[in-house]
Amino acid sequence: QNETVLARLEAGVLHLTLNRPDKLNSFNEDMHRALRKQVERAHEDDAVRTVLLTGAGRGFCAGQDLGDRDPRKGGAKPDLGHTLDTFYNPTLRLIRTLEKPVVCAVNGVAAGAGANIAFACDIVLAAKSAKFIQAFSKIGLIPDAGGSWSLARILGEPRAKALTLLAEPLKAEQAADWGLIWKAVEDEALMPETIKIAERLAAGPTVGLGLTKRLIQAAAEQPLDAHLDMERDCQRSAGLTDDYAEGVTAFLEKRPPVFQGK
Ligand code: T3D
C-alpha cells in the first residue's frame, strides 16, 4: 500500500501504523496530514474507543524527513516555527486532548519528533531493541513536538538536559526505568501485548477513562485546591454514565461488566 499512515478499526481500537519504512517512518507532509486526519477521526467517531500507534518496518519514527529540508536544494531558509504550527503542534494537541486512551508500540528507533510523539501518548510500550534519540542537537535544532516539556517534566533537568544536549540513544529498558514509558518488552511480545492492552481499554468505560486522562494531565498544572474541584466535576460526569451504572450492577451481580463507552 502507498498510504503513509495505515488505519484500521478493530474491536474498538483504531490501529494506526506510520508507513514510510524505507525512511524509518520520518514525517513528510503527506504523513503529517494523514496522521492528523486519523487522530481527528478518533475525536469524532464513537466507534473508536482507543488508538494504537506504531511504525512499519524496523523503525518507529525518525522525526522530520530531512530530505524535505535539504539546504543544497537552494531557496530561502525554512520557517520551522511555521511547520510546527502547521503540522506537529496540532497533532500533539489532538493526541493530548483526545479523551480516549492512546497506546503506543515503539517497535524500533524513535528519533527527534518521533520520540516525542511517543512520549505524548498515554501508555507506551517499547521493544527491548528500540531506542529513543533526541536527535535535534545533532542538526542544530531544539527538542520539539513537546519534548522539551515532557522530558523536563518526567525526568527533571539533569537527565533531560543530558539527553537533549548530547543526543545519545536511550535504550527502551532505561526509558522504562526512568519512567518515560510504561514498559519495555521482548521484541516478539510487543504487538501482542500492546494489542491486548488497547483492546482491554477499548472495552472499558470510555468516558471515565477519558476523564481520568484529563485529570492526570491537569495535575501538574494546577494546585490541589483547584484540582479537587476538577475531580468533583469529573466524578459527577462519570457518575452519570451508563457505564458507571453497569459497573456497579456487574459488581453486585458478581459478573464482568459490559461497558458501552457512554
Ligand atoms: O523541519 C521541521 O519541520 C522542524 C521539526 C523537526 C522535527 C525533527 O524531528 S528534527 C530531527 C530529525 N530526525 C533526525 O535528525 C534523525 C535522523 N536519522 C538518524 O539519525 C538515523 O537514521 C537514526 C538514528 C534514526 C537511525 O539510524 P540507523 O543507522 O538505524 O538507520 P539509517 O541508515 O540512518 O536510516 C535508514 C534510512 O532511513 C536511510 O535511508 P537510505 O540511506 O537507506 O536511503 C536514512 O537516510 C533514512 N532516514 C532516517 N531518518 C531519516 C531518514 N530520511 C529522512 N529523514 C530522516 N529523519
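Rules and cut-offs
- Sequence order as written defines the numbering, with residues in each chain counted from 1.
- For this predicted model, a pLDDT threshold of at least 70 governs which residues receive local features, and a threshold of 80 or more governs which side-chain atom pairs are given and counted, while totals over whole chains, interfaces and linings are taken from all residues.
- Secondary structure elements are defined from DSSP: runs of H or I of at least 4 residues count as helices, runs of E of at least 2 residues count as strands, and each element is numbered from the N terminus.
- Only C-alpha atoms enter the radius of gyration; for comparison, a globular chain is expected to reach 2.2 Å times N to the power 0.38, where N is the number of residues.
- Think of it as a crowd count around each C-beta: if 20 or more other C-beta atoms lie within 10 Å the residue is buried, if 12 or fewer it is exposed, and in between it is partly exposed, with C-beta placed from the backbone throughout.
- Throughout, a pair of residues is in contact if the C-beta atoms placed from their backbones lie within 7 Å.
- Every axis in this analysis is a line fitted to C-alpha atoms, fitted for helices over the stretch in contact. Angles between the N-to-C directions lie between 0 and 180 degrees.
- For classification purposes, an angle smaller than 35 degrees is called roughly parallel, one larger than 145 roughly antiparallel, one from 65 to 115 roughly perpendicular, and anything else oblique.
- Side-chain classes follow a simple rule in which Ala, Val, Leu, Ile, Met, Phe, Trp, Tyr, Cys and Pro form the nonpolar group, Asp, Glu, Lys and Arg form the charged group, and the remainder, Gly included, forms the polar group.
- A pair of strands counts as paired when DSSP detects no fewer than two bridges linking them.

**Let's talk about the overall build of the protein chain**
For step 1, the next point in the chain: Summing up its helical and strand segments, the protein chain has 10 helices and 10 strands in all.
For step 2, the next point in the chain: Expected size for 262 residues packed as a compact globule is a radius of gyration near 18 Å; at 19 Å, the protein chain falls within 12% of this value.
For step 3, the next point in the chain: Across its three principal axes, the protein chain shows a C-alpha extent of roughly 70 × 45 × 35 Å.
For step 4, the next point in the chain: Taking all 262 residues of the protein chain together, 40% fall into the buried category.
For step 5, the next point in the chain: Taking the contacts inside the protein chain whose residues are at least 6 apart along the sequence as the reference set, 71% of them involve residues at least 24 apart.

**Some words on the packing of helix H8 (residues 206–219) against helix H9 (residues 224–239)**
For step 1, the next point in the chain: Interaxial distance between H8 and H9 falls to 10 Å at its minimum, and their mutual angle equals 175 degrees. In terms of orientation, H8 lies roughly antiparallel with respect to H9. Between H8 and H9, the contacting residues are Val207, Gly208, Leu211, Arg214, Leu215, Ala218 and Ala219 on the first element and His227, Met230, Glu231, Cys234, Ser237 and Ala238 on the second.
For step 2, the next point in the chain: Of the residues that constitute the contact of H8 with H9, the class distribution is eight nonpolar, three polar and two charged.

**So, the sheet that holds strand E2 (residues 13–18)**
For step 1, the next point in the chain: Reading across the sheet, the six strands line up as E1-E2-E3-E5-E7-E10 and stay open at both edges, with mixed pairing between neighbours. Each end of this open sheet is capped by a strand with a single partner; those strands are strand E1 (5–10) and strand E10 (183–185). The sheet shows a mean angle of 20 degrees between the axes of neighbouring strands, taken without regard to direction.
For step 2, the next point in the chain: As judged from the six bridges shared by E1 and E2, these two strands associate in the antiparallel manner. Bridging from a neighbouring strand, valine 5 pairs with leucine 18 of E2.

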